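So the chains spell out like this:
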Amino acid sequence: MSLQVRNLDYQIGGKSILEQICLEVKDGEFVGLIGPNGCGKSTLLKNIYRSYKPDRDTIFLNEKDVLDFSFKKMAAEMAVMAQENHVEFDFEVRDMVMFGRYAKKKFLEGDSATDKKLCEKCLREVGLTGYEHRSYLSLSGGEKQRVLLARVLMQESAFIVLDEPTNHLDVSYQYQIMDILKKQNVTLFSSIHDLNLASLYCDKIIFLYQGRIVDYGTPEEVLTHENIKSYFGIESQITKNEVTGKLQIYYLP
């Protein structure tokens, strides 16, 4: 599953948030979206998964305009893990994860044995075995984040969009979650706050600044001292990690 964004502009309250965004995420790639706070990352992702309504002929999945997809068809093709996940009514963890099967079911169809086994597998992958009957609202922020990731995995969609998926997570779970995502046989597009995580896991990186794409390429091409200084306003030292073979970024006060 591939994504194409062509000449996307977006305004909120008359203020331009995104300008002439053009990008492509190829089938099977893990592409990271980076940039300082307020640069438009979440707005771009919300246009892609239609929380905001983009203009026609701007966003395509496998060359098909996303505005032509029904909500159920969209959910079958694209799974989303957003930053804001307000739940007004409490549910058990198992039920929250099972909601990920919505797009795969017929009207009033119950949970199959396959669904239940997949739910167990997804909870195990995110380290929440034994939480099936816990109240979702009683969980910590990090535990809720892992439940939402399990729900995304339950969708078995070919394309996954994530907005800061490692927010609220301890360091060990940040890397566990990224490992899980990297192992999925899907296309991934995710905003990422931690540049070292982006360097370690992403095939390509898109650098967004003030609503425009200012760089695109491999982590080695994009995560440069010059870019970090210009767009984040901080000095850095960049080396190659001897263990991972990936870039390692150190920030200099």
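In this report, the structure presented in the accompanying data block is examined.

Cut-off values and rules
- Starting from 1, residues in each chain are numbered consecutively following that chain's sequence as written.
- Side-chain atom pairs in this predicted model are given and counted only at pLDDT of 80 or more, local residue features only at pLDDT of at least 70, and totals for whole chains, interfaces and linings cover all residues.
- For side-chain calculations, the full set of non-hydrogen atoms in the structure is used, while hydrogens and water are omitted.
- Nonpolar cores are built from buried Ala, Val, Leu, Ile, Met, Phe, Trp, Tyr and Cys residues. Side-chain atoms within 4.5 Å join them into one set.
- For each residue, the accessible area found with a 1.4 Å probe, counting protein chains only, is set against the maximum for its type, and the residue is called buried under 20%, exposed over 50%, and partly exposed in between.
- The way it works is that DSSP assigns letters per residue, a run of H or I at least four long becomes a helix, a run of E at least two long becomes a strand, and they are numbered from the N terminus.
- For this analysis, residues touch if any pair of their heavy atoms sits within 4.5 Å.
- A strand pair is defined by DSSP finding two or more bridges across the two strands.
- A fitted line through C-alpha atoms represents every axis, and for helices the fit uses only the stretch in contact; the resulting angles, taken between N-to-C directions, go from 0 to 180 degrees.
- Helix span, expected: 1.5 Å multiplied by one less than the number of residues in the helix.
- Note on terminology: angles under 35 degrees are roughly parallel, angles over 145 are roughly antiparallel, angles of 65 to 115 are roughly perpendicular, and the others are oblique.
- Ten residues, namely Ala, Val, Leu, Ile, Met, Phe, Trp, Tyr, Cys and Pro, are considered nonpolar, four, namely Asp, Glu, Lys and Arg, are considered charged, and the remaining ones, Gly among them, are considered polar.

What follows covers the nonpolar core. Counting 46 residues, the largest nonpolar core has Ile34, Val97, Val147, Leu149 and Leu181 as the members making the most contacts within it. Looking at this core element by element, the count peaks at seven residues for helix 5 (residues 141-155). Ignoring anything within four residues of it in the chain, the contact list for isoleucine 34 reads Lys41, Ile192, Leu195, Ala198, Ile205, Ile206, Phe207, Leu208, Val222 and Leu223. Formed by 29 residues, the second largest nonpolar core is a distinct cluster that contains Val25, Leu44, Leu45 and Ile48.

Spatial ordering of the open sheet is given by 6-7-8-3-9-10, a layout of six strands whose pairing is mixed. The outermost strands of the open sheet, each flanked by one partner alone, are strand 6 (78-81) and strand 10 (212-217). Across the sheet, the mean angle from the axis of one strand to that of its neighbour is 15°, orientation sign disregarded. Bridge count for strand 3 (residues 30-34) against strand 8 (residues 187-191) is four bridges, and the pairing is parallel. Across the sheet, residue phenylalanine 30 finds its bridge partner in strand 8, namely leucine 188. Against the sheet, helix 5 engages strand 6 and strand 7 (159-163), with an angle of about 180° to strand 6.

Here the focus is the pairing of strand 2 (residues 15-25). Where strand 1 (residues 3-12) lies against strand 2, seven bridges are found, and the strand directions are antiparallel. The residue of strand 2 that forms the bridge with glutamine 11 is serine 16. Counting the residues that bridge the hairpin from strand 1 to strand 2 gives two residues, and of these glycine 13 lies at a positive phi of roughly 60°.

This next bit is on the sheet that holds strand 5 (residues 64-65). A sheet is described by the order of its strands in space; here four strands give the open sequence 2-1-4-5, paired in antiparallel fashion. Pairing within the sheet leaves two strands with one partner each, and these edge strands are strand 2 and strand 5. In the packing of helix 1 (residues 41-48) onto the sheet, contacts are made with strand 1, strand 2 and strand 4 (59-61), and the angle to strand 1 comes to roughly 120°.

What follows covers unusual backbone geometry. One non-glycine residue, aspartate 57, lies in positive phi territory at about 65°. Mapped onto the elements of the fold, aspartate 57 is located in the loop between helix 1 and strand 4. What makes aspartate 57 exposed here is its relative accessible area of 52%.

Now for helix 5. Along its 15 residues, helix 5 runs 22 Å from first to last C-alpha, staying within 8% of the 21 Å computed at 1.5 Å per residue. Of all 15 residues in helix 5, 12 are buried; the element is thus mostly enclosed. For helix 5, the complete set of buried residues consists of Gly142, Glu143, Gln145, Arg146, Val147, Leu148, Leu149, Ala150, Val152, Leu153, Met154 and Gln155. Turning to helix 5, the residues buried within the fold contact helix 2 (71-77), strand 6, helix 3 (93-98), helix 4 (113-125), strand 7 and helix 6 (171-183). Directly after helix 5, the chain includes glutamate 156, whose backbone phi takes a positive value near 50°.

Viewed as axis vectors pointing N to C, helix 5 and helix 6 meet at an angle of 5°, and their least axial separation amounts to 12 Å. Judged by the angle between their axes, helix 5 and helix 6 are roughly parallel. Between helix 5 and helix 6, the residues in contact are Arg146, Leu149 and Leu153 and Tyr173, Ile177, Ile180 and Leu181, respectively. In the contact of helix 5 with helix 6, the residues fall into six nonpolar, no polar and one charged.

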